[in-house]
Amino acid sequence: MSIPVIDIRDLTKTYGRARGIEQVNLEVEEGDVFGFIGPNGAGKSTTIRVLLNLIFPTRGEASIMGMDIVRDSKKIKLSTGYVPSDANQYSSMDVDEFLGYCNGFYRTGNGAARIIELSELFELDRKRKISDLSMGNRKKVSIIQSLLHTPRLLILDEATMGLDPLMQARFFELLRSENRKGMTIFFSSHTLSEVQLLCKRVAIIKEGRIIKVEDIETLRKRQLKKIHIEFAEKADNGIAGLGGIENTPVVSGKTLQFMYSGDINDLVIKLRDEQIADLTIEEPSLEEIFMHYYN
Amino acid sequence: MNKNLFIKELKGNAFSLLMWTMVITVLISLTMSVYGTFLENNSKILAIMSILPEGALQFKGISNVDDLFSVLGFYTANNVIYMLVLGSIYAIVLSSNILIKEEYNKTAEYLLSWPLTRSGIFFSKAAVVFLNVIILNTVTALAGFIGMEIVQREPYSVRAFLILSLYTLLLNLLFGTIGLFMSTLVKRSKPITTLSIGLVLILYFTDTLSKITDSLSKIGYLSPFKFVNVDTVNPEYGLEFMNLLYFFGLSLILTILSYRLYKRKDIYL
C-alpha cells in the first residue's frame, strides 16, 4: 500500500460554540479525483483550511503525502496547489505581478513558462489590474497560481464559481490531463453535477461530519431506485409497509413516489394485485441521492 | 525571513513611507525656518512665556524658558510632537496592519497556501516595519540636523542631538512592536488603525499630564514617552541605562510574544 496523499484521522475543529468539523476521517489515494460535497456551512472549507494550516486542529491529526499538516506545512505546500473559494488577490497588482509574486515562492524553474501557457489556455490578459477583473477572470488567475509549480496535489474549493461553461470545460479538460500525468485532485463543491463529471470517489459531509465515502458509480448504482406509481383508483398506502423504502412516500391523489433500496422482486410482488395506471423505476440523479442522505 | 515577501511588502509600503517622511520633514523644516524670527522677537515671547503656568513647557523638555532660545532647545521643544508622536503613529499604524491586512483584505488564503512558514511571514513583515521606521527616523533627523546647521547662531551639542534622535527611534520602534502585538491578539479581522492611533495619543497625554501635575507624576510610568529624555539642553544630558533597558527589553518581549501568538493563530477570513 502506498501512503495516501491525504490522510485525515479523527480530525476535529471547534470554534467556540459554532460547529466546525467533528471526527473527520478521510483517505485520498495517489491519482484520485476525489469529490468532497456538502451544502454551504457543512465544514468543507474548514476541513481544507485545517489541511493548509490556516487554522489549527482542535483534536486529531492529518498528513499530506506522509507529512504532518502542522509541522511540515511549508514542505507540503511546495507540492500542493490550492484554489480558494472566496479569497481576494492583491488588488493593487496586475495579473503578471500577482502570478510572478506567487511564482517567487517556488523553486521550480518553469513557473514563468507555465504562467504564459495557462493564461493562453484561459484567454487571460496578464496586463490587466486585478481590481478591474471580473469574478470569472479572477478565478482564472486563482487557477493559474495553483498550477504554476505543477503540484502533486491540487485542492479546489468551489473552483468553477464564476467560470463560463466554455472555460469550465477547458478547466475540466486540463484537470483530467493533469490527473493522467499523476496529479491527485481534491474537489470540494456543493454542485453535484460537476462532481459527477469529474470525480471517481466522493465524500459527503453534513453538519461537520462525513456521512458517506463511496465510489461515485457505486453511489449511483447502489440499488437506490426512484419509484413513481400511478394507481388506477386511489393511492394505496399499504405499500408503505414494504421493507426497503428509504423515505416517507409522497402521496398526492393517485400517485405515490419514494426511494427504494430493497429487492425489486418484493416490490413487484406487492404491486401484483394492484390496479396500476403507470409505473416508472428510475435511476436517481446524484442530486437526489445526495438529498436523500441529508434527510 | 522570506525575500520575496519582504520585497513585496517593502514596495507595497513605500508610498506611505514617502508621504509620512515628507510631511514630517516639511513640518520640521518650516519650524526651523522661523527660528530667526523667533529670536528677534524674544522680548515679546518672554512676556508671553511669563504668564504660562510653571511646568507648561516642561513636557516639551524645557525646564527653563531661556533654553528655548538655543537652537537645540528650540528644535527639541517644537519637534517632540512631530517626531515622537507622529513617528510613533506611523510605526503603530504600519505594524498593527501589516499582518492582519492579509486577513481583512482576504488575501491570507493565498499567502498561507504558498510555501512559507508562519515564522517567515512574521519576520519578513516585522523586518519591513523596523526598516521603514529606521528610514523615517534617519531622514527626518537628517532634515532636523540640516535645519539646525542652517539657522544656528551659537554652537550646540551634536552629541545631545544624536542621543535625542536615538531615543526617538527607540520609541518609534517600541510602538512598532506594540502594533504587531495588538494585531496578533485581535480575533476579528478588521483594521485596528483607530485604536492604534488612539493608544499613542492617550499614552502621550498620560505622560504630559504626569509632567504638569505633581500629584499624577507616577502615572507617567505607564507611558513609553516617560522614558524618552528630552532635556537636551542640560549639560549632563546622556543615554540612561534604565531607559535603554526599558526600550530594548520591552520591544524584545513584545516581538517574541507576537511571534509566538502568530505562529499558533487561527487565520479566519
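Residue positions are counted from 1 within each chain, in the order its sequence is given. Here the convention is simple: chains get letters from A, ligands get numbers from 1, in the order in which they are written. Selection of residues for local features in this predicted model requires a pLDDT of at least 70, selection of side-chain atom pairs for listing and counting requires 80 or more, and totals for whole chains, interfaces and linings are taken over all residues.

Peer 1: Quick one: what's the story with the sheet that holds strand β11 (residues 225-231) of chain A, residue by residue and with numbers?
Peer 2: Whenever strands of a sheet pair, they do so through backbone hydrogen bonds, lying parallel or antiparallel. All names here are of chain A. With respect to topology, four strands assemble into an open sheet ordered β12-β13-β11-β14, the strand pairing being antiparallel. Edge strands, defined here as strands with exactly one partner in the open sheet, are β12 (250-252) and β14 (276-282). Within this sheet the neighbouring strands show an average axis-to-axis angle of 10 degrees, counted without direction. Two strands are said to pair when DSSP picks up at least two bridges between them. Strands are runs of DSSP state E lasting at least 2 residues, helices are runs of H or I lasting at least 4, and numbering of each runs from the N terminus. In terms of strand pairing, β11 meets strand β13 (residues 255-260) through six bridges, oriented antiparallel. Looking at the pairing, Ile229 lines up with Leu256 of β13. Lines are fitted to the C-alpha atoms to define the axes, a helix being fitted only along its stretch in contact, and any angle between axes, read from their N-to-C directions, falls within 0 to 180 degrees.

Peer 1: Can you explain the nonpolar core? Please cite residues and give values.
Peer 2: In terms of nonpolar packing, the biggest core is built from 125 residues, with Leu51(A), Ile185(A), Phe186(A) and Phe187(A) touching the most fellow members. Examining the composition of this core, we find that 15 residues originate from one element, helix α5 (residues 71-98) of chain B, more than from any other. What Leu51(A) contacts, discounting residues up to four positions off in sequence, is Ile6(A), Ala62(A), Ile64(A), Ile69(A) and Ile155(A). Buried Ala, Val, Leu, Ile, Met, Phe, Trp, Tyr and Cys residues form a nonpolar core when they are connected through C-beta atoms within 7 Å. Exposure in this text rests on C-beta crowding, where 20 or more other C-beta atoms within 10 Å of a residue's own make it buried, 12 or fewer make it exposed, and counts in between make it partly exposed. The C-beta atoms are placed from the backbone. Formed by nine residues, the second largest nonpolar core is a distinct cluster that contains Phe231(A), Leu256(A), Phe258(A) and Leu267(A). Two residues form a contact once the distance between their C-beta atoms, set from the backbone, is within 7 Å.

Peer 1: Tell me about the domain arrangement of chain A, residues and numbers included.
Peer 2: It is common to report an interface's size as the accessible area lost on association of the parts. For the domain bounds, the source is a domain assignment made automatically or taken from a database. Domain assignment breaks chain A into domain 1 (6-220) and domain 2 (223-294). For domain 1 of chain A versus domain 2 of chain A, the distance between C-alpha centres works out to 39 Å.

Peer 1: Summarise the interface of chain A and chain B; cite the residues concerned and give the values.
Peer 2: On the chain B side, the residues contacting the 19 residues of chain A number 18 residues. Listing elements by their share of the side of chain A that touches chain B, those giving two or more residues are α2 (73-78) and α3 (95-103) of chain A. Residues that form the side of chain A that touches chain B fall into these classes: 13 nonpolar, four polar and two charged. Any residue that is not Ala, Val, Leu, Ile, Met, Phe, Trp, Tyr, Cys, Pro, Asp, Glu, Lys or Arg is counted as polar, Gly included; the first ten are nonpolar and the last four charged.

Peer 1: Break down the sheet that holds strand β7 (residues 153-157) of chain A for me, citing the residues and quoting the values.
Peer 2: Residues and elements named next belong to chain A. One open sheet accounts for six strands, arranged β6-β7-β8-β3-β9-β10; its pairing is mixed. The open sheet terminates on both sides in strands that have one partner only, identified here as β6 (80-83) and β10 (209-215). In this sheet, neighbouring strand axes are inclined to one another by 15 degrees on average, regardless of whether the strands run parallel or antiparallel. Those strands touched by helix α5 (residues 135-147) are β6 and β7, and its axis lies near 170 degrees from that of β6.

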